[in-house]
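# Structural overview
As a plain string of letters, each chain reads:
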Amino acid sequence: MLYAAFLPIVNQELNAQVRPAHLTYINDLYKQGKVFMAGPFTDKLGGLVIYKADSLEEARQLAEADPVVVEGARTLELREWSPLEFPLS
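What comes next is a walk through the structure. (Residues numbered from 1 in each chain as written. Predicted model: local features only at pLDDT ≥ 70, side-chain atom pairs only at ≥ 80, totals over all residues. Heavy atoms only, no water.)

### Observations regarding the overall build of the chain
Along the chain, the regular secondary structure elements total three helices and four strands. Along its sequence from the N terminus, the chain presents helices and strands in the succession β-α-β-β-α-α-β. Relative to the 2.2 N^0.38 estimate, which gives 12 Å for 89 residues, the radius of gyration of the chain is 13 Å and therefore close to what a compact globule would have. On the principal axes, the C-alpha backbone points of the chain span a range of 45 × 25 × 20 Å. Within the chain, counting contacts between residues at least 6 apart in sequence, those at least 24 apart form 71% of the total. When the accessible surface of the chain is totalled, it reaches about 5,800 Å², and 55% of it is carbon and sulfur. Once the 8 positive and 12 negative side-chain charges of the chain are each reduced to a mean point, those two points are 6 Å apart. (Helix = DSSP H or I, 4+ residues; strand = E, 2+ residues; numbered from the N terminus. Rg over C-alpha atoms; globule rule 2.2 N^0.38 Å. Contact = heavy atoms within 4.5 Å. Areas by Shrake-Rupley, 256 points an atom, 1.4 Å probe, with all protein chains shown as cover. Lys, Arg positive; Asp, Glu negative; His and termini not counted. Charge placed at Lys NZ, Arg CZ, Asp CG, Glu CD.)

Okay, structure coming up:
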């Protein structure tokens, strides 16, 4: 299953300090097959990580261990995501 983690920035200064660790963290998870896609929003107010996990609990554990969440630079909203497969017909 795929899980979308919305990560709005709540502390810009702290986010700038923690961002390198965040990028290392999600890159390592990508190499392990646990991150499908990730990136910042163009308004620079946060970003999105799409996790690959067997359960919501596993995805939550991965998302809550992200340094930007642990350090309080960003909040977390995690939702199960079911992408459409195109073409639809």
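Picking up after the structure, the text goes on.
### Section: unusual backbone geometry
Between F86 and P87 the backbone carries a cis peptide bond, its omega angle lying at 0°. By the secondary structure assignment, P87 is in the segment after β4 (77-81). Although it is not a glycine, K44 sits at a positive phi angle of roughly 65°. Assignment of secondary structure puts K44 in the loop between β2 (35-40) and β3 (46-52). Accessibility expressed as a relative area gives 64% for K44, which makes it exposed. (Buried < 20%, exposed > 50% of the residue type's maximum accessible area, 1.4 Å probe, protein only.)

### Concerning the sheet that holds β2
With antiparallel pairing, four strands are arranged side by side in an open sheet as β2-β3-β1-β4. Among the strands making up the open sheet, the edge pair consists of β2 and β4. Shown here is a sheet whose adjacent strand axes are inclined to one another by a mean of 15°, direction ignored. Of the pairings in the sheet, the one linking β2 to β3 comprises five bridges and is antiparallel in character. Residue pairing for β3: A38 is matched across the bridge by V49. Helix α1 (residues 12-31) contacts β1 (2-8), β2 and β3 of the sheet and is inclined by roughly 155° relative to β2. (Pairing = 2+ DSSP bridges. Axes fitted to C-alpha atoms, helices over the stretch in contact; angles between N-to-C directions.)

### Details of helix α2 (residues 56-64)
By the burial criterion, the buried members of α2 are E58, A59, L62 and A63. End-on view of α2: buried residues confined to an arc of 130°, all on one side of the axis. Looking at the packing, one finds that the buried side of α2 touches β1, α1, β3, α3 (67-70) and β4. (Arc of directions from axis to C-beta.)

### Quick word on the environment of N15
Mapped onto the fold, N15 is located in helix α1. You can call N15 buried: its relative accessible area is 5%. Here the alpha-carbon distance between N15 and L84, two residues 69 residues apart in the chain, equals 32 Å.

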